[in-house]
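# Reading the structure
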Amino acid sequence: MMTKTKSATALPLNEIIAGDCIDVMNSLPAESVDLIFADPPYNLQLRGDLHRPDNSKVDAVDDAWDQFDSFKVYDKFTRAWLKAARRLLKPDGAIWVIGSYHNIFRVGTALQDAGFWILNDVVWRKSNPMPNFRGKRFTNAHETMIWAGKDERSKYTFNYEALKALNDGIQMRSDWVLPICTGHERLKNDEGDKAHPTQKPESLLHRLLVGSTNPGDVVLDPFFGTGTTGAVAKMLGREFIGIEREEAYRKVAAKRIASVRKFDRDALAVSTSKRAEPRVPFGQLVERGMLRPGEQLYSMNNRHKAKVRADGTLIGDDVKGSIHQVGAHLEGAPSCNGWTYWCFKREGKTVPIDVLRQQIRSEMHD
């Protein structure tokens, strides 16, 4: 008798798991995660303390978790966690990895070698970067994110219209200008110091999750830190799994996420393209009595008319067929969108038939 493998319902959803990310990921069910956001150690290779012009010390990343003995050791670590991550992704899943010039090129190579299919690299341009205090290099004003599908065939999620709406109706570009964490968003520990040296802003995760996930999707962050991914995922109605080996970070993240409230259902809905909306045959309007056989339809320009038939086709003076075919024939055009071409009359008012289609679509979402 064949036993079923564990389903995604067995996942530790909305939990922060203590432990090594590779070990934990290897313990979770395969093909159970929709998206992975990874902010791995950057391997900054700092040499000595860094001071400002007034000789005050910069609180740079010098934690043990960011230190590796060599590039070879770092590459081995990178390939191991990427292998574990890829096993977890659903066939149409995707991954985002963020890094700096210290590590992102090595990570990009490892991604491709592991079988991921790179979709975009996105530059996060910091509107308020930390200055270069030594004055010997350019100010590091950006970080790079790589977005990749599990493989070349993955039908990854991309909410194009939602991102366009976020960007004031303009197509979203691959350079994002957003501020780093400062002020009220910067989390502090019990001593009043920064809880994490590389805390990511919620605005970055908001854009990323709105653009590449849907409500109910499972988002895994194997380097959870202080929980930005989990906090934004919870607000946006996504499920999250966080993995973090440092107890201090887990403590801050748990407190932060506990105070987050999920947005209501209507607020979570995002703009979609017409092509992505449910298909509604014109005949369904006739079946449901929204339009009656024999009723006249009028072209938007009021030059033509046609009669509705019981099978959902139209008939004009010298033509019969679908709402699109009849409209195209009457206009002498190669094609016609009948939904925006035809209108009906109610109480003396001219109403586009597309209003009836949208009414049916709204019922489908209820």
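Below is a summary of the structure that appears in this document. This is a predicted model, so every value here is computed, not measured. Starting from 1, residues in each chain are numbered consecutively following that chain's sequence as written. For this predicted model, a pLDDT threshold of at least 70 governs which residues receive local features, and a threshold of 80 or more governs which side-chain atom pairs are given and counted, while totals over whole chains, interfaces and linings are taken from all residues. Only hydrogens and water are set aside; all other atoms, that is, all heavy atoms of the structure, feed into the side-chain values.

### Things to note about a nonpolar patch on the surface
Our working rule: For patch building, the residue pool is restricted to those with more than 30% relative accessible area and no salt bridge; the joining distance is 9 Å between like charges and 5 Å between nonpolar side chains (Val, Leu, Ile, Met, Phe, Trp, Tyr). All accessible areas in this document rest on Shrake-Rupley with a 1.4 Å probe, and a residue is counted as covered only by the protein chains that are shown. Criterion for a salt bridge: a side-chain nitrogen of Lys or Arg within 4 Å of a carboxyl oxygen of Asp or Glu. Helical segments are the DSSP runs of H or I of at least four residues, strand segments are the runs of E of at least two, and each set is numbered from the N terminus. Per-residue accessibility, obtained with a 1.4 Å probe over protein chains only, is compared with the maximum for each type, and a residue is labelled buried under 20%, exposed over 50%, and partly exposed between these values.
A cluster of nonpolar side chains, contributed by Y156, F158 and Y160, occupies part of the molecular surface with about 270 Å² of accessible area. Structurally, Y156 is set in the loop between strand 5 (142-149) and helix 4 (160-166). With a relative accessible area of 35%, Y156 lands in the partly exposed category.

### Concerning the pattern of salt bridges
Taken as a whole, this structure holds 13 salt bridges when the rule is applied. Between R79 and D113 there is a salt bridge; the shortest N-O distance is 3.2 Å. You can see R79 sitting in helix 2 (residues 71-88) and its partner D113 sitting in helix 3 (residues 104-113), a full 34 residues away along the chain. The salt bridge partner of R173 is D175, with a shortest N-O separation of 2.8 Å. Accessibility expressed as a relative area gives 32% for D175, which makes it partly exposed.

### Points about helix 5 (residues 202-212)
In terms of residue burial, helix 5 counts as a mostly covered element, since eight of its 11 residues are buried. Where helix 5 is concerned, the buried positions are L204, L205, R207, L208, L209, V210, G211 and S212.

### Structural notes on the sheet that holds strand 10 (residues 305-308)
Let me state the cut-off plainly: Think of it this way: DSSP has to see at least two bridges between two strands before they count as a pair.
Reading across from one edge, 12-11-10-9-13-14 is the order of the six strands in this open sheet, with antiparallel pairing throughout. Lying at the two open borders of the sheet, with one neighbouring strand each, are strand 12 (320-321) and strand 14 (349-352).

### Topic: the sheet that holds strand 7 (residues 218-221)
Threshold: Axes here refer to lines fitted to C-alpha atoms; in helices the fit is confined to the stretch in contact. Angles between the N-to-C directions go from 0 to 180 degrees.
Reading across the sheet, the eight strands line up as 1-8-7-2-3-5-4-6 and stay open at both edges, with mixed pairing between neighbours. Lying at the two open borders of the sheet, with one neighbouring strand each, are strand 1 (15-18) and strand 6 (175-178). Neighbour-to-neighbour, the strand axes of this sheet turn through a mean angle of 20°, independent of strand direction. Here six bridges tie strand 3 (residues 89-99) to strand 5, and the two strands are oriented antiparallel to one another. Bridging across to strand 5, W96 finds its partner in W147.

### Some words on helix 7 (residues 247-258)
Threshold: What a helix should span is 1.5 Å times the count of its residues minus one. The arc refers to the directions leading from the helix axis to the C-beta atoms. Contacts were defined at the residue level, with two residues in contact if any of their heavy atoms lie within 4.5 Å.
Between its terminal C-alpha atoms helix 7 stretches 17 Å, which fits the 16 Å expected from 12 residues at 1.5 Å a residue. Within the sequence span of helix 7, burial applies to Y249, R250, V252, A253, R256 and I257. Within helix 7, the buried residues cover an arc of 165° as seen down the axis, which keeps them to one side. Exposed residues lying more than 90 degrees from the buried face of helix 7 are E247, A248, K251, K255 and A258. Buried-residue contacts for helix 7 involve strand 1, helix 5, helix 6 (228-235) and strand 8 (239-244).

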